[in-house]
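Chains, contacts and geometry: an overview
The chain contents come next:
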Amino acid sequence: MLRRGTLLTGAATVALYLVATVAPAVAASAPPAPQPPAAMLDALQRDLGLTAEQAVQRLANEHRAAASEAALTQELGAEYAGAWLNGDASQLSVATTDATDAGAIRAKGAQPVIVGRSLANLEAVKAKLDGASAEAKAGASLWYVDVTTNSVVILAGSQAAGEALAAAAGADKGVVKVVPSTEQPQAFINIIGGNAYYIGSSRCSIGFSARRGSAPGFVTAGHCGRAGATTSSPSGTFYGSSFPGNDYAWVSTPGHTVTPYVRGSGGANVTVRGSTQASVGASICRSGSTTGWRCGVIQQHNASVRYSQGTVSGLTRTSACAQPGDSGGSFISGSQAQGVTSGGSGNCSVGGTTYHQPVNEILSAYGLTLVTG
């Protein structure tokens, strides 16, 4: 994790996101998506190389795909093996271990993919990696379930280091894929947010407004402050914080007014409508006090990332960039809150990878209610 008050340069950075005709490939029934804010469309065009029409169409497709994925997750049960969108979000693929599910998947506007392992099987293998010793994890950067290849991927500095982790965990070699990588995740903690807030001389970013009963506050990254730490601008207290293992925190801010907004491109506000998790392959934007609005796509859910302070599990990996001070800031897909910025590698000059802690886990952990519009 970055020491407070320091800056990070180079390839490695520190931890820190509809009104349109929907393509038939993702045309499952779902309520119409709200009109996306102009600032979000501008950022999607800039960061994903889209036209305005393509950005609107993509968000509409993603809205429908999320509804299809949610329904099929329940319907397929133990046979469900994950879902993902293709490059332009026009086609949702849903994997299953039972070929007889193909008709049900097509009925929801998705493409069936028959695989050998269920999502539960893959997550059980990943859980073994999570349970390995710190020594075994030392050579790996992160590991995650990759639903697109029906495997568990380990990113490590070398093939040998990744294989050593898999062996120490007792993971099935036929399920695990090792990918040599130069990624070196760290935790972003130095200087601004969705909006900025300060912990002494250090700066992090507000994630989302939330209430605990009637008490106002916000969620953010756990590595930004320990329980009992105080904040300024706005003033508050960390009433709960978890890092490593998790990377989330709840800051209580008595006397301040909570709102359903995230600061978007050019200072325009984006209204949070809910917290439905978006699909792998969906576009996502993040707001932070250092780099403002940046967009990318969701690459994997439920990744385990090894920072120097320890492993954090259950993170979502994205191609949106971030830099120090963005920690704790908002990840949002369409109008749906996704999570708070945890960490990453690279930066917004050369491109990078960023991870976020899913917001629904934070709300559940502290008994919070997300503030929505």
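Starting from 1, residues in each chain are numbered consecutively following that chain's sequence as written. Predicted model: local features are reported for residues with pLDDT of at least 70 only, side-chain atom pairs are reported and counted for 80 or more only, and whole-chain, interface and lining totals are derived from all residues. Calculation of side-chain values draws on the structure's entire complement of heavy atoms; hydrogens and water are dropped beforehand.

1. Let's talk about the overall build of the protein
A run of DSSP states H or I qualifies as a helix once it reaches four residues; a run of E qualifies as a strand once it reaches two. Both are numbered from the N-terminal end. When helices and strands are counted, the protein shows 7 helices and 23 strands. By residue count, 56% of the 373 residues in the protein fall in the buried class. Here, Shrake-Rupley sampling with a 1.4 Å probe gives the accessible areas, and only protein chains in the shown set may cover a residue. As presented, the protein carries roughly 13900 Å² of accessible surface, and 50% of it is formed by carbon and sulfur atoms. Each residue gets one of three labels from its accessible area relative to the maximum for its type: buried under 20%, exposed over 50%, partly exposed in between, using a 1.4 Å probe on protein chains only.

2. As for the state of the cysteines
The disulfide criterion is simple: two cysteine sulfur atoms within 2.5 Å. For the coordinates displayed, the defined rule picks out 3 disulfides. Through a disulfide, cysteine 285 is tied to cysteine 295; the S-S separation comes to 2.1 Å. Because the torsion about its S-S bond is 95°, the bridge between cysteine 285 and cysteine 295 counts as right-handed. Of the two residues, cysteine 285 is situated in strand E17 (residues 283–288) and cysteine 295 in strand E18 (residues 292–307); the sequence distance between them amounts to 10 residues. Look at cysteine 285 and you get buried, because its relative accessible area is 2%. Overall, cysteine 295 belongs to the buried group, its relative accessible area being 6%.

3. Structural notes on the packing of aromatic side chains
Aromatic ring pairs are reported here in terms of the distance separating the ring centres and the angle at which the planes meet. Pairing of aromatic rings covers Phe, Tyr and Trp, the last through its six-membered ring, and needs centres within 6.5 Å; plane angles under 30 degrees mean stacked, over 60 mean edge-to-face, and all others mean tilted. Under the defined criterion, the tally for this structure stands at 4 aromatic pairs. Between tyrosine 197 and phenylalanine 238, the ring centres sit 6.3 Å apart and the planes meet at 50°, which makes this aromatic pair tilted. With tyrosine 197 in strand E8 (residues 196–199) and phenylalanine 238 in strand E13 (residues 236–242), the pair connects residues that are 41 residues apart, well separated along the chain. Comparing tyrosine 197 with phenylalanine 238, the two get one shared label, buried. Cluster of aromatic residues (ring-pair linked, three or more members): Tyr197, Phe218 and Phe238.

4. A closer look at the confidence of the model for the protein
Predictor confidence is given residue by residue as pLDDT, running from a minimum of 0 to a maximum of 100. Confidence in the prediction for the protein averages 89 pLDDT; 90% of positions are at 70 or higher. Note on contacts: a residue pair is in contact if any heavy atoms of the two residues lie within 4.5 Å. Scored below 50 in pLDDT, residues 1–28 makes 131 contacts in the model with residues more than four places away or belonging to other chains. pLDDT under 50 marks residues 189–193. Its contacts with residues more than four places away, or in other chains, come to 44 contacts.

5. Section: the sheet that holds strand E2 (residues 92–96)
Spatial ordering of the open sheet is given by E1-E2-E3, a layout of 3 strands whose pairing is mixed. Looking along the sheet, the strands with just one partner apiece sit at the ends: strand E1 (80–85) and strand E3 (111–114). Put simply, the sheet's adjacent strands are angled 25° from each other on average, direction ignored. Should DSSP find at least two bridges between two strands, the strands are regarded as paired. As judged from the 4 bridges shared by E1 and E2, these two strands associate in the antiparallel manner. Between N-to-C directions, angles span 0 to 180 degrees; the directions come from axes that are lines fitted to C-alpha atoms, helices contributing only their stretch in contact.

6. Structural notes on the nonpolar core
Of all hydrophobic cores here, the largest spans 43 residues; its most connected members are Leu92, Val94, Leu129, Val152, Ile154, Leu165 and Val176. Going through the elements one at a time, helix H2 (52–76), E1, E2, helix H4 (119–130), strand E4 (140–146), strand E5 (151–156), helix H6 (159–169) and strand E6 (176–180) are the ones with two or more residues in this core. If you tally residues by element for this core, the top one is E1, at 5 residues. Setting aside chain neighbours within four positions, we find isoleucine 154 in contact with Leu129, Ala140, Leu142, Trp143, Gly162, Leu165, Ala166, Val176, Lys177, Val178 and Val179. Only buried Ala, Val, Leu, Ile, Met, Phe, Trp, Tyr and Cys residues count toward a nonpolar core, and they belong to the same one when joined by side-chain atoms within 4.5 Å. Formed by 28 residues, the second largest nonpolar core is a distinct cluster that contains Leu44, Ala210, Ile362 and Leu370.

7. Details of helix H7 (residues 359–366)
Inspection of H7 places Val359, Ile362, Leu363 and Tyr366 among the buried residues, and these make up the whole buried set. Along the axis of H7, the buried positions cluster into a sector of 100°, meaning they face one direction only. Phi turns positive, to about 65°, at glycine 367, one or two residues after H7. Of all possible arcs, the one meant is that of the directions from the helix axis to the C-beta atoms.

8. Regarding H4
Helix span, expected: 1.5 Å multiplied by one less than the number of residues in the helix. Over its 12 residues, H4 extends 16 Å from the first C-alpha to the last, a length consistent with the 16 Å expected when each residue adds 1.5 Å. Inspection of H4 places Leu119, Leu122, Val125, Lys126 and Leu129 among the buried residues, and these make up the whole buried set. Along the long axis of H4, the arc covered by the buried residues comes to 125°, so they all point the same way.

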